[in-house]
Amino acid sequence: MLSKVITISQQKGGTGKTTLAVHLAMGFIKYHNFKVAVVDTDPQGSLGKWFMIRSENKIANDNLTFKTASLWGAQYESKTLKKDHDVVIIDTPPKIESDARPSIEASDLVLIPMSPSHVDFWATEAIIDIAKKANKKIMIQINRANQRSKLIIKTNDYIKSLNVPSVETIIGNRQIYASSMGEGKTAIEKQRKGSAVDEIKKLSDQILSELN
Ligand SMILES: Nc1ncnc2c1ncn2[C@@H]1O[C@H](COP(=O)(O)OP(=O)(O)OP(=O)(O)O)[C@@H](O)[C@H]1O
Ligand SMILES: [Mg+2]
């Protein structure tokens, strides 16, 4: 068992935390044969809704465990789950309050999804500050990117100025990420090849090498 905890966190809403949580989880299962637990700490319950649709549609959940917890509860829950899972992924609510810290404390890696937009840049500093103070490994994941946009260059410059590493693979703005989740699936279960499949495979490889 690898027994690592990844907390996906970002103050700004809608940056792709839940999308990243489920795609990374299924990427680890499919490409690395891992046993993965996902923990929903968001009262909105998007991750739980996805898992419910999945279960109702009788989609196989081999090697996938789903739990809900409060942000405080996530600390205890992840400690228990990591004993018999390779990776525990904690999905968090958008707003950072002081009680976001326990889920950060519980983690081996804080993964921060961020769109290539200045509004996202401004929101990212608070969570980086918390993760740095907790002495945690941090990675920014650029999500919903239009590869041809000039903002990608600005985003890379911005990340450099923060002095935090980012995941090399940039996740594109692709409808399949959104539409697959509505069916309780992920892009990599809907498609056998294509850009989204390439992205998630590379993403899971890169995050794994960071955890090791
Ligand atoms: N790479 C992507 N391409 C296209 N759509 C995306 C992508 N990532 C996320 N989305 C869409 O953006 C919206 C927000 O994504 P998601 O719910 O994952 O964000 P979140 O950070 O978890 O939001 P919240 O802060 O409300 O929990 C959703 O409609 C989702 O389908
Ligand atoms: Mg969410």
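Because the structure is predicted, anything quoted here is derived from the model rather than measured.

Draft legend 1. Quick peek at the pattern of salt bridges. Here the structure, examined in full by the defined rule, presents 6 salt bridges. Its salt-bridge partner being Arg54, residue Glu189 comes within 2.8 Å of it at the nearest N-O pair. Of the two residues, Glu189 sits in helix H8 (residues 187-190) while Arg54 sits in helix H2 (residues 46-56), which places them 135 residues apart along the sequence. For Glu189, a relative accessible area of 28% translates into the label partly exposed. When the shortest N-O distance is used, the salt bridge between Glu199 and Arg174 registers 2.6 Å.

Draft legend 2. Focus on the site of ligand 1. Inspection of the region around ligand 1 gives 18 residues, with Lys17, Thr18, Thr19, Arg144 and Gly172 positioned closest. Separating a nitrogen atom of ligand 1 from a side-chain N or O atom of Asn173 is a distance of 3.4 Å. Contacts to ligand 1 include Arg174, whose backbone N or O atom sits 3.0 Å from a nitrogen atom. Here ligand 1, which alone exposes 620 Å², has 81% of that area covered by the protein. Counting residues per element, the ones that place at least two in the shell around ligand 1 are helix H1 (17-32) and helix H7 (175-182). It is H1 that contributes the most residues to the shell around ligand 1, 3 residues altogether. Grouping the amino acids of the shell around ligand 1 by side-chain chemistry returns 4 nonpolar, 10 polar and 4 charged.

Draft legend 3. Expanded view of the sheet that holds strand S5 (residues 109-114). Spatially, S3-S2-S4-S1-S5-S6 is the arrangement adopted by the 6 strands of the open sheet, whose pairing is parallel. The two strands at the open ends of the sheet, each matched to only one other strand, are strand S3 (64-68) and strand S6 (137-142). Strand-to-strand twist across the sheet, computed as the mean angle between neighbouring axes with direction ignored, equals 20°. When strand S2 (residues 36-40) meets strand S4 (residues 87-91), the two strands line up parallel, connected through 5 bridges. Bridge pairing in S4 places Val36 opposite Val87.

Draft legend 4. Here's a closer look at helix H9 (residues 195-211). Relative to the 24 Å expected for 17 residues at 1.5 Å per residue, H9 spans 24 Å between its end C-alpha atoms, a close match to the ideal helical length. Taken together, the buried positions of H9 are Ala196, Val197, Glu199, Ile200, Leu203, Ser204, Gln206, Ile207, Leu208 and Leu211. Buried residues belonging to H9 abut strand S1 (4-8), H1, S5, S6, H7 and H8.

The rules behind these values
- Residues numbered from 1 in each chain as written.
- Chains lettered and ligands numbered in written order.
- Predicted model: local features only at pLDDT ≥ 70, side-chain atom pairs only at ≥ 80, totals over all residues.
- Heavy atoms only, no water.
- Salt bridge = Lys/Arg side-chain N within 4 Å of Asp/Glu carboxyl O.
- Helix = DSSP H or I, 4+ residues; strand = E, 2+ residues; numbered from the N terminus.
- Buried < 20%, exposed > 50% of the residue type's maximum accessible area, 1.4 Å probe, protein only.
- Near = heavy atom within 4 Å.
- Polar contact = N/O pair within 3.5 Å; in protein donor to acceptor, adjacent residues only side chain to side chain.
- Areas by Shrake-Rupley, 256 points an atom, 1.4 Å probe, with all protein chains shown as cover.
- Nonpolar A, V, L, I, M, F, W, Y, C, P; charged D, E, K, R; others polar.
- Pairing = 2+ DSSP bridges.
- Axes fitted to C-alpha atoms, helices over the stretch in contact; angles between N-to-C directions.
- Expected span 1.5 Å × (residues − 1).
- Contact = heavy atoms within 4.5 Å.

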